Amino acid sequence: MMHRLLFILSLLFSVFAKAELTIEITQGIASSIPISVVPFQTASSSSDGGVIDDVISNDLERSGHFAVLAPEDMLSHPHTEDDLYFRDWRLLKQEYVVMGVINELADGQFQIRYQLFDVFNERELLTQTLRGTKQQLRDVAHRISDAIYEQLTGIRGAFSTKIAYVTTNPERTRFNLSIADSDGAKEKIILTSKYSIFSPAWAPDGKRIAYVMLEDAGSRVYVQDITTGKKQLISANKGLNSAPAFSPDGSKLAVTLSKDGNPEIYIVELSTRKWLRVTNHYGIDTEPNWMPDGKHIIFTSGRSGNPQIYRKNLETGYLERLTFEGNYNARARLAQDGRFLVLVHQAQSGGDFHIASLDLTRGLLQILSSDTYLDESPSVSPNGVMVIYAAKHNKRSILAAVSVDGDVKFLVPSKSGDVREPAWGPYPN
Amino acid sequence: MQNMGWNKLFAVSLLSLAITGCASSGGTTDEAATTDTAMEESQTQAVPGSPDVDVVTEEQAQMAANPLLDQTVIYFGFDRSEIRPEFKDILNAHAAYLVANPQANVSLEGHCDERGTVEYNLALGERRANTVKRYLVVQGVNPSQLESVSYGEERPAMVGSDDSAWSKNRRTEISYQAR
């Protein structure tokens, strides 16, 4: 029997005044692994060494899989093996210990060496030496979190990834498309507009982002280069131009157009601008998403009378309905190599909209988000573990996250305005 | 804003009717021609509330007198896009006006409440605009007078997350671009 713990933890990112998002973990798993991240030893005062162990602790805690011991509850703060007494950590019921040393190099860069120990077996599991500038210390810390997470869970870590989202002022007169680290830090606005921006979609290389801008004349699809900021108009047909999704190889974009009368899915090859029509039905067809094989598209269709998820084989044209349970199933995203769908769900009896997962092999639907309201726009982390989505909380639009198994939950409230339309980016190269 | 503009035009029409008395009873082509001139005049002069827009036919004045024309928002049920019977009189009035005034054109702006997904709502908003468009076309309106656009859930008429706000937001707005 899994007993669920309720943690209410406000992780402080106040040091980084620019970060607009904070994270409140609302539910972790009872079987979380006890781990200690000892404050790293730092030689110079300028290295801001505290960043590294703080970020690692927060990453591990936020995953829901770890219970991180506070530094003040530790019996000692070792930095090297000579100072490490496993007996102390067993006494504190810790299973793993992370420790490290930060050195400033002659060129002004920093060298970070860390070690991960198994307390019970009294052995080193992992050691790595990384380097980076002062500005890269958070990135280095996320890399360390990724490695520790993978070593201990067998799943690739996704702490080094980025999240795109849209922020709006309460008057809805200014829309910002922003990119931040997966913990909400280092926010960067990549587009500001008086027009509503939605459906941001990452290219698999993480270098471009597609989105919809709702101008006075209607919706338009753009692709923007993240580093140069250059945006390219992809589609401005009569009617809808919406719901972009990059193919797994990044060469094509699936979009929804209604130029031929009603919303249908099309695929455009970005280099040649050759268009291919995928669906043909008088009902609404929209929200395309590619299967990892690049040969199937899943999409939302209203052809049965209300929105449900369908899958089309692009080679054979074979069409299959995937969702049957519920009054409203829309905007499906894939998790874990396409074994799970994560979608917006409303029960047959009506009621609130929640994020649900559907196990495609077993046909089981599970509601994942029951304590948020008006849930929409689910986006899955590249390791298939977490879903970030938008919800209403205290009359504000906020981001929230839940694990695909429903065990871990956290809220990502914004300090100002509304946040919507999250899109979890790919692994960094 | 829209309604104010409409009322102003309506008032001007009545006023000019009173001044000029019974105007022409000519054929439809003449009518169209005179109204074209009136449109151009009112645009180029651009004097707010100017009573110079005096060439208005009786038929148009009657049309303008129809209070149903002041109603420019058609509401829908949740996840629905078919026209409810209670809105047919309003749409019939607009259809009659548009048929009688071929120079007039409207933008049909479809909207949704915030529930459900952003993209599905964008598509649903277009459907709401298009069912109104189809209804008007069936009543004889020239499709070239009608432009439909969807704003999905992005431009709510009423802010709020309850039934009263939602019911006000599921709508198609009939917005006259030219009378």
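Residues numbered from 1 in each chain as written. Chains lettered and ligands numbered in written order. Predicted model: local features only at pLDDT ≥ 70, side-chain atom pairs only at ≥ 80, totals over all residues.

Engineer: Quick question: what am I supposed to make of the interface of chain A and chain B here?
Structural biologist: Think of interface size as the accessible area that goes away when the parts come together; that is how it is often given. With 30 residues of chain A at the contact, the number on the chain B side is 18 residues. Those elements that place two or more of their residues in the side of chain A that touches chain B are β12 (196-202), β14 (218-225), β16 (241-246), β20 (285-290), β24 (328-335) and β28 (373-380) of chain A. Grouping the constituent residues of the side of chain A that touches chain B by class yields 13 nonpolar, 12 polar and five charged. (Contact = placed C-beta atoms within 7 Å. Helix = DSSP H or I, 4+ residues; strand = E, 2+ residues; numbered from the N terminus. Nonpolar A, V, L, I, M, F, W, Y, C, P; charged D, E, K, R; others polar.)

Engineer: How do you make sense of unusual backbone geometry when you look at a structure like this?
Structural biologist: Working note: non-glycine residues mostly have negative phi, and peptide bonds are mostly trans. Residue and element names in this part refer to chain A. Notably, Glu122 is not glycine yet its phi reads approximately 50°, a positive angle. With respect to the secondary-structure elements, Glu122 resides in the loop between β7 (110-118) and β8 (123-132). For Glu122, a count of 12 C-beta atoms within 10 Å gives the class exposed. The phi dihedral of Ala243 falls on the positive side, at around 55°, and the residue is not glycine. Assessed through the 33 C-beta atoms surrounding it within 10 Å, Ala243 is described here as buried. (Buried ≥ 20, exposed ≤ 12 C-beta atoms within 10 Å, placed from the backbone.)

Engineer: I tried to follow the pairing of strand β4 (residues 171-178) of chain B on my own but got confused; where do I start?
Structural biologist: A regular strand carries its side chains on alternate faces of the sheet. All names here are of chain B. Here three bridges tie strand β1 (residues 73-75) to β4, and the two strands are oriented antiparallel to one another. Looking at the pairing, Tyr75 lines up with Arg171 of β4. The pairing of strand β2 (residues 105-111) with β4 spans seven bridges and is classified as antiparallel. Within β4, the position partnered with Gly110 by the bridge is Thr172. (Pairing = 2+ DSSP bridges.)

Engineer: Help me out: how do you make sense of the nonpolar core in this one?
Structural biologist: The nonpolar side chains of a soluble globular protein tend to be buried with one another. In this structure, Val342, Leu343, Val387 and Ala400 of chain A are the most contacted members of the largest nonpolar core, which totals 100 residues. Per element, the largest residue contribution to this core is nine residues, and it comes from helix α5 (residues 118-138) of chain B. With 32 residues, the next largest nonpolar core counts Val37, Ile56, Trp89 and Leu152 of chain A among its residues. (Core = buried A, V, L, I, M, F, W, Y, C linked by C-beta atoms within 7 Å.)

That is the geometry; function is a separate question.
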